Amino acid sequence: MAVSPWVLCQQPATVVLSNDRIELTIASRGGAMTSLVLKDDPARLSPFGDPARMGRNVLGHFVCVDGFGGVSKEEQAAGLPGHGEAHAQPWEVASFRKDGKVNTVRFSVKLPIVQEVFTRTLSVVDGEDVVYVDSELESALGFDRPVNWGEHPSIAAPFLEPEKVVVDVSGRRSKTRAYDTAAARSRTLASFRDFEWPMAPLIAGGTRDLRSAPANPASLDHVTTLVDPARAYGYVTALHTGSHYLLGYLFRRDEFPWVQDWQSYPKDLRMYRGIEFATQPFDVPRRETVQLNSMFEAPTYRWLPARSRIGSRFLMFWTRTPAGMTRVDDVRLEGGQLVIEDRAAGKRITLAASLGL
């Protein structure tokens, strides 16, 4: 197949989508976005990590559909993997094109066990630091069904550093994940406790600010935050306050009402942090999300009607910020631009986002 000017690598392993500003690498198997870099960055730093440093493959941003978390014993016996089938299947490049300033690649993958088809279209526009991601899930079954869908970005070292990278979300109402206290050696947060983001309750008493990793990492914790119901769009961001790099996502709240925060902080500093927006508050089997039904008056799964399609759209951005910016208080769309603010520091950046959300 001929290589388009914007597809820099069309190999069995990866496809690279780029414009004059950013370069995104996508794995052909599983569709994970494994690298995102600025074209003018000589260090080619990616928020998703460095495989050589991590000693294993970078997790990147992968999609968990249809399924997010573990499976029942019956599903396991039927061959259904954790986090759904999409991340484990080969993705077919259905099309790629350049229309004026817009570069687009479209993937399709069949999910044979759940009898669904997942398609994903990614686009970049010349002169922009934004990736537009449109997805569709289609059912081949003749009955309505509850589905689990999570977008799973995982930031990692060397971008992820203790006390230097801060995560901000568009919500306050939060809860820690439930676990068996006796078996949870690396847990530091109290089990299944409500709290107000970002101050989470500790097992030892008191609270910890979750925005950044602690100075001496040695823990594994998981919390969820409900996107503010007053907002049409939710966001989650990761800002490196030292090197001034910023990764962010803007998404529709009615599609993804929850932001999960999975914090894997081992002593060897091979750290991962999942900043995951999803249909459900925790990565648990389908039965649990359906039995829970709702939490904080918000749904914990999404319906896929019989022989029908549902979709999602979100924006991903990777850019630099001005010195002195230490947090993100808001991300919003205004007149074809993303507006990102640190109100306390009086800092504000705007990014062209001509295709909107």
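Use the structure listed above.
Residues numbered from 1 in each chain as written. Predicted model: local features only at pLDDT ≥ 70, side-chain atom pairs only at ≥ 80, totals over all residues. Heavy atoms only, no water.

1. Some words on the overall build of the chain
Looking only at helices and strands, the chain has three helices and 28 strands in total. Rg of the C-alpha trace for the chain: 20 Å, near the compact-globule value of 21 Å for 357 residues, within the 12% margin. Dimensions along the principal axes, computed over C-alpha positions, put the chain at roughly 60 × 55 × 40 Å. The buried share among the 357 residues of the chain stands at 56%. Per element, the accessible surface of the chain, about 14,600 Å² overall, is 50% carbon and sulfur. (Helix = DSSP H or I, 4+ residues; strand = E, 2+ residues; numbered from the N terminus. Rg over C-alpha atoms; globule rule 2.2 N^0.38 Å. Buried < 20%, exposed > 50% of the residue type's maximum accessible area, 1.4 Å probe, protein only. Areas by Shrake-Rupley, 256 points an atom, 1.4 Å probe, with all protein chains shown as cover.)

2. Focus on the packing of aromatic side chains
A complete count under the given rule lists 14 aromatic pairs for this structure. Look at phenylalanine 159 and tryptophan 318: their rings are 5.5 Å apart centre to centre, the planes differ by 80 degrees, and that puts the pair in the edge-to-face class. Here the residue phenylalanine 159 occupies a position in the loop between β11 (149-156) and β12 (165-169), and tryptophan 318 occupies one in strand β25 (residues 309-320), the gap between them amounting to 159 residues. Measuring from centroid to centroid gives 4.5 Å for phenylalanine 251 and phenylalanine 277, while their planes differ by 5 degrees, and the two rings are stacked. Within this pair, whereas phenylalanine 251 is found in strand β19 (residues 245-252), its partner phenylalanine 277 is found in strand β21 (residues 272-278), the two being separated by 26 residues in sequence. (Phe/Tyr/Trp six-rings, centres within 6.5 Å; stacked < 30°, edge-to-face > 60°.)

3. Concerning the pattern of salt bridges
Tallied over the full model, the rule gives 31 salt bridges. Residues glutamate 341 and arginine 348 are paired through a salt bridge, measuring 3.3 Å at the closest nitrogen-oxygen approach. Here the residues in one salt-bridge network are Arg231, Asp330, Arg332, Glu334, Glu341, Arg343 and Arg348, joined through shared partners. (Salt bridge = Lys/Arg side-chain N within 4 Å of Asp/Glu carboxyl O.)

4. Side note on the sheet that holds strand β28 (residues 347-352)
Here we have three strands laid out as an open sheet, ordered β26-β27-β28, and antiparallel in their pairing. Sheet topology places β26 (330-334) and β28 at the edges, where each strand pairs with a single neighbour. Across the sheet, the mean angle separating the axes of adjacent strands is 20 degrees when strand polarity is ignored. Where β26 and strand β27 (residues 337-342) come together, five bridges link them in antiparallel fashion. Considered in β27, the bridge of aspartate 330 is made with glutamate 341. (Pairing = 2+ DSSP bridges. Axes fitted to C-alpha atoms, helices over the stretch in contact; angles between N-to-C directions.)

5. What to know about the nonpolar core
Leu122 and Tyr249 are the most contacted members of the largest nonpolar core, which totals 61 residues. Not counting residues within four places of it along the chain, the set of residues in contact with leucine 122 comprises Leu17, Leu24, Ile26, Met33, Asn103, Thr104, Val105, Phe107, Val131, Tyr132 and Val133. Of all hydrophobic cores here, the second largest spans 19 residues; its members include Tyr235, Leu246, Met325 and Ile340. (Core = buried A, V, L, I, M, F, W, Y, C linked by side-chain atoms within 4.5 Å. Contact = heavy atoms within 4.5 Å.)

6. A closer look at the pairing of strand β18 (residues 233-240)
Among the eight residues of β18, seven are classified as buried, and the element is accordingly described as predominantly covered. In the sheet, β12 pairs with β18 via five bridges, with the strands oriented antiparallel. Within β18, the position partnered with valine 169 by the bridge is valine 236. Following β18, the chain reverses through four residues before pairing antiparallel with β19; histidine 244 in that reversal takes a positive phi of roughly 65 degrees.

7. Quick word on the sheet that holds β12
Taken in spatial order, the eight strands line up as β6-β7-β8-β9-β25-β19-β18-β12 in an open sheet, and their pairing is antiparallel. The open sheet has two free edges, formed respectively by β6 (92-99) and β12, since each of these has just one partner strand. The sheet shows a mean angle of 15 degrees between the axes of neighbouring strands, taken without regard to direction.

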